[in-house]
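Listed below, chain by chain, are the residues.
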Amino acid sequence: MSALAASVGTPSTAGAPLIVGLVALPMAAALAAVLLRRRAASAAVLLSAPILVGLAFAAAAMVLSTGSPIECVLGAWKPPLGIVLRADGLGTAMMVVTATIASAVALFAAATERRGAAMRGTAPGSSLNDAGATPGPADPPPGDHSGGPAEAGGEADGGGERQPDAAPERASATFWVLLASVWGALNLTFIANDLFTLFVALELLTFAAVPLVCLAGTPPALRAALRYLLLAMAGSMLYLLGVALVYGSLGALDLSLIAELIAPGTDSAPRGVLLLALVLATTGMLVKTALVPLHAWLPPAHAGAPPQASALLSALVVKGSWFVILRLWLTLGEVPGGRTVAFALAALGAVAILFGSATALRQRSLKLLVAWSTVAQIGYLFVAFPALVAAAAPTLATEALRGGMLQAISHAFAKAAMFLAAGLLVERAGRDRIDALGGAFRRMPIIFAAFAIGGLSLMGLPPSGGFWAKWLLLQATIGVGAWWLALTILAGGVLAGAYLLRVLRACGAEAPADLGADRAVVAAPAAAIAPDRLRTAIVLGLALVSMFLGFAAMVPAERCGVRRLLRSEPITQLDRPIEVLPPPSTPHGAAEAAP
Amino acid sequence: MSVVAALLDGWTVLLVCAGIGFFVAGTTGMLRFPDAATRLHALTKADNLGVGLVVLGLLPQVARPAEGFKLLVIWALVLLASAVSSQLVARVATDGPPIEEDRNGRTAPAASGTPLDRSGSVGAGAQP
Amino acid sequence: MIPALERAVELAIGAMLVGLALWSVLVRPRFASIVGFVVFGLLLMLAWMRLGAPDVAMTEGAIGSGLAGFLLLSAAARLRCSEIRRARIGAGEPQRARDRSPRRSSIVALGVGCAAVAAALAAAVAALPHPAPSLAPAALERLPELGIGNPVSGVLIGFRALDTLVEKIVLVVALVGVWGLAAEASWRRAPSVDPSPEIEPIRFLARALPPVGIVLAIYLLWRGATEPGGAFPAGAILAAMAVLVLAAGLGRLPPTAARSLRLAICAGPLVFLGVGGLGMGVARGFLDYPAGFEVLSIKLIEVLLTGSVAVVLLLLVAGPPEEAASANGMRRPEPPL
Amino acid sequence: MTAFLLVAAVAVLLTVAGALVRVVRGPTTSDRMMGAQLIGTGGIAALLLAGTASRLNSTSDVALVLAILAPFAMVAFRRYAAATQAAASRERRLEIDAGAPGAAPPQGGA
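Residues numbered from 1 in each chain as written. Chains lettered and ligands numbered in written order. Predicted model: local features only at pLDDT ≥ 70, side-chain atom pairs only at ≥ 80, totals over all residues. Heavy atoms only, no water.

K.L.:
Help me understand the overall build of chain B, please; the structure alone is not making it clear to me.
P.N.:
The helix and strand tally for chain B stands at three helices and zero strands. Ordered by position from the N terminus, the helices and strands of chain B form the series α-α-α. Out of the 128 residues in chain B, the part that is buried amounts to 44%. Of the contacts made within chain B by residues no fewer than 6 positions apart, 47% connect residues no fewer than 24 positions apart. (Helix = DSSP H or I, 4+ residues; strand = E, 2+ residues; numbered from the N terminus. Buried < 20%, exposed > 50% of the residue type's maximum accessible area, 1.4 Å probe, protein only. Contact = heavy atoms within 4.5 Å.)

Next comes the structure, spelled out in structure tokens:
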């Protein structure tokens, strides 16, 4: 109790309104989208997107410049009684990623809806037009805005064909609420510093993600959504059990307090119980992250979901629960026995890499291939865990953390690009079969390129973000002497290349004659034959970000005030609010400041 | 004073014991009576009189009149619930029980042509 | 003697809970399992009371045993109707139904997993420090700053207001998800709790009970400041009363697109968010209540939250909007082939 | 007095356990529902007894909630029975209609 009483938290730091806005604005937008009529609903979300992007970048810049997290005490209630939101480097980096991808997806969805409306002959709503034309998030780097002559040809029949029950109104009205909710839930997940707030944030995330899966309304999609819901609920329960054990043994929910209470030298904490709590909570989150063997919900969930929903799910939603695991392990990872569990996690990750890639190789549907590739890529997120808890080697731990974060971020961009590209490819081909993709290379070269670039990042070719991520992960795994993990990482890259090649070769093939003829016959309204520049630019932009992330994203994982959680500093300093870390000189020198 | 208190306590003991008696009788009836219709009798006794006597017995023990009023409201609600519930159970018995699945938890198409089997499976086999 | 008696009661309730939980999971007929679930809720209520948590007991009774029981039985009715239909249509169907049920091996694996978790939990709980560390004294100490007397309400609407806020948004999002299950043609129609076909006793109940229920809800809301109660149980009781009225055919819901309905759904969380945001300007931070207006703010939020919770729970029970109810009172399962 | 009331609460709880047997054994759905109903009222009585014994005011509030929701499960049960009956009779009608030549799609015999 005395430890609790002594550390009654810190006052909010300067950037507190930023992070409050990052949480409150998307939630307000979600509620507004429930309240408003459809056009205004999408406009509300689309208008809040640039603000959120600005807030996220501002928060990231602030953390980077001060080198210390932004903290916001809610109400006037400091921990242990109250809640503190705490945006460190990891959190702000993920919020920037979320803002970028979510606004790109929002624009993509708006463009899809507008095209759908045009195709059905109804005039697109004026407010939607306005919203679509807003400068919007400035952030998918300015890609090639020329849609390419091939695009202008005939994107005519896609939307109508793919969703025969063309659910424009229901799906649209639902989608905008869900998008904003996912956004808010993720932001809260990234900055919550409290085990129960994390739980609530994940509940919001799950309840927003499940309807995304069944947006199409088809029976298989409903089945997939139900399966996802049930598994996710089981995961929530396991997590909650873990939280209850932590509270029961420490009387605290705030992560900083917990780190302080279990620091080496304090004997009061029952370590065995904490290990069990860690295992339970991690298992619960693994279900939501879809790590093998708890991945059963993920591929079917993507099979029937519209591309924008798949992009959100695969790029962002699974990262939310992974991030919670990361937070848990950064706080509790050093309890006795944690190292063994970390190796078990890494082994599961290795299995995921091999099994997911091999299964992806055998898929006949493009979306399922990309979904299984997600299963494989999630494996990479866990191979670094043994290094992460290597308390004796802070350099290694930092490397593992950087590798994991970079993998999460670059995979998010790459997979968002690939799912959106796959959506466009499938929309054009008329059905979701890889061998029906023939001619895509000639008709949609930019989409093809975007898919390929995203794939290169998955494979881990330089200079992509995926390359740097895998490089760091390799170093981290070799550092803890796990050669088998390193070999798995390499093998995973090869397998990724193989399944990617399958798709690319199919795209490069000639169009099946019968299909082509079929397409040509279906005449579309004149309004629909318009270049699909916006969507193409979004997809390409996302892919390019994933490619060039290697250069940009070396920074956040280093300067983020997370190191204190890695216990490389004296414990007594853990909760001091502001302390400027020395700026990193080289990528490798990031952790040498540790005593 | 103590005499009054003792009397009140005696009242409580007496009525609560009687209430428990009705509960025991109701449960025994629930367990021993042969079919649903007769068990309904047992249920209503426990509902109406068991709770009622317990409430009446507890009245002298409450701290404030408001609490006593709440107890009486609870009894009234239980009476209402009991009246409606027994009506509903009886209606279910007369209008036909719900069509239940068979022992395996599945609906098997009945072999015979009887439209509605007492044991609960549907006699709606497709074959004429 | 009394401690021994209490221990006996605890053991009895615990044993009944475990046994009933196992039975409801294992028993084959769906109806039996649902009744088991309802009774489990009742016993859980007693257990929560024994643990000194009347707030949780109240919510468990209203949600776990009341509304959830109703919802499960309604769902079971629909499932049975479609099974009855399938039994007529073809002999091929039951086979497919069997294929979809989980395999024995996965059931066994699940059981082993559950048993392992339960055993580990039992061991861990035995190893927990005694007396358990608790924030309850701290919460009680700071309670006067909020101007209310019930520590549970203090935690919900004061110390951990963010969690409560997000939970309420979760409810709204869940409702949107349920509405998203509607068919395109019936999206925008009114959701409905179909009236029962034979309604005199139910109609009587639906006339007699809601006035009492409304008074009780207001009472719980009012008492929530100082005694167990508060927005969630009050909202759940209101929702239950509304469900009763709808089931008796004495009223109907507005269509999903109705502005008033949407306003009722969002009002609670929006005002909560708004007052919280106001705190950044006029108080000490986000979700802090303006000094001097704490009680007023909390009351305002609680009243609106009660309304929103009631409407959302009612709509969650009613489910997605569908085709109009058929003549005999139940939803048409599927169009005839 | 406290001890007496607690003993009384335990006694009522024991009868609840008896009703549990009816819930588990059935045999009909009505029996299970009646068992549940008895457990509900028994729970109310036990709560009142124990609450008065321990002078806990909020117990009667909980009992109030329980009492007001007591008929709820029965209403749901009635709907369940009516719905399944209606579905069965509708299917029977359809089957009779299908008996007319050519009205129904041919069923694969098994």
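K.L.:
I tried to follow the pairing of strand β2 (residues 84-87) of chain A on my own but got confused; where do I start?
P.N.:
Strand residues, when the strand is regular, have side chains that alternate between the two faces of the sheet. Residues and elements named next belong to chain A. A two-sided burial pattern is seen for β2, the buried positions comprising Val84 and Arg86 on one face and Leu85 and Ala87 on the other. The pairing of strand β1 (residues 70-73) with β2 spans four bridges and is antiparallel. Across the sheet, residue Cys72 finds its bridge partner in β2, namely Leu85. (Pairing = 2+ DSSP bridges.)

K.L.:
Please clarify how the side chain of B:Ser85 should be interpreted in this entry.
P.N.:
Relative to the helices and strands, B:Ser85 is located in helix α3 (residues 65-95). Excluding residues within four positions of it along the chain, B:Ser85 makes contact with D:Gln37, D:Pro71 and D:Met74.

K.L.:
Just checking my understanding: could you explain the interface of chain A and chain C for this structure?
P.N.:
A common measure of how large an interface is: the accessible area buried when the components associate. Facing the 58 residues of chain A at the interface are 50 residues of chain C. Interface of chain A and chain C: buried area, both sides summed, is about 5000 Å²; carbon and sulfur atoms make up 74% of it. Among the residues of chain A in contact with chain C, A:Leu31, A:Trp77 and A:Leu81 are the three that bury the most area, contributing 16% of the side total. A salt bridge links C:Arg160 to A:Asp194; the shortest N-O distance between them is 2.5 Å. Between the two partners, chain A and chain C, sit seven residue pairs in polar contact (both at pLDDT 80 or more). Elements that contribute at least two residues to the side of chain A that touches chain C include exactly α2 (16-35), α8 (168-191), α9 (195-213), α10 (219-250) and α12 (271-289) of chain A. Taken together, the residues that form the side of chain A that touches chain C break down as 43 nonpolar, eight polar and seven charged. (Buried area = accessible area lost by both parts, 1.4 Å probe. Salt bridge = Lys/Arg side-chain N within 4 Å of Asp/Glu carboxyl O. Polar contact = N/O pair within 3.5 Å; in protein donor to acceptor, adjacent residues only side chain to side chain. Nonpolar A, V, L, I, M, F, W, Y, C, P; charged D, E, K, R; others polar.)

K.L.:
Explain the confidence of the model for chain C here, please?
P.N.:
Caution applies to low-pLDDT parts of the model: their predicted coordinates are not meant to be read in detail. All names here are of chain C. Here chain C shows a mean pLDDT of 83. Residues at 70 or above account for 90%. Considering each helix and strand of chain C separately, the mean pLDDT is smallest for helix α4 (residues 92-100), with a value of 51, and largest for helix α8 (residues 161-179), with 93. Scored below 50 in pLDDT, residues 325-337 shows 26 contacts in the model against residues more than four places distant or in partner chains. On the interface metric, ipTM, the complex scores 0.87, and its pTM is 0.86. (pLDDT = per-residue confidence, 0-100.)

K.L.:
Where do I start with the pattern of salt bridges in this structure?
P.N.:
When their charged atoms lie close together, side chains carrying opposite charge are able to pair. Scanning the model with the defined rule gives 19 salt bridges over all chains in all. In this structure, C:Glu200 engages B:Arg91 in a salt bridge whose closest nitrogen and oxygen atoms are separated by 3.1 Å. One end of the pair, C:Glu200, is in helix α9 (residues 200-223); the other, B:Arg91, is in helix α3, on a second chain. The partner of C:Arg50 in a salt bridge is C:Glu10, with the nearest N and O atoms 3.0 Å apart. Within this pair, whereas C:Arg50 is found in helix α2 (residues 30-50), its partner C:Glu10 is found in helix α1 (residues 2-26), the two being separated by 40 residues in sequence. Owing to a relative accessible area of 28%, C:Glu10 belongs among the partly exposed residues under this scheme.

K.L.:
Before we go on, may I ask you to explain a nonpolar patch on the surface in this structure?
P.N.:
On the surface, C:Val18, C:Leu22, C:Val25 and C:Leu26 cluster together into a nonpolar patch covering about 430 Å² of accessible area. For C:Leu22, the position within the fold is in helix α1. (Patch = residues over 30% accessible without salt bridge, like charges linked within 9 Å, V, L, I, M, F, W, Y side chains within 5 Å. Areas by Shrake-Rupley, 256 points an atom, 1.4 Å probe, with all protein chains shown as cover.)

K.L.:
Even after reading the chapter, I still don't get the interface of chain D and chain C, so can you show me in this structure?
P.N.:
In this complex, chain D contributes 51 residues to the contact, which on the side of chain C involves 65 residues. Taken over both partners, the interface formed by chain D and chain C buries close to 5100 Å², and the fraction arising from carbon and sulfur atoms is 81%. Where chain D packs against chain C, one counts one salt bridge. Where chain D packs against chain C, one counts two residue pairs in polar contact (both at pLDDT 80 or more). Secondary-structure elements contributing two or more residues to the side of chain D that touches chain C are α1 (2-25), α2 (29-54), α3 (58-68) and α4 (72-99) of chain D. Split by residue class, the side of chain D that touches chain C holds 35 nonpolar, nine polar and seven charged.

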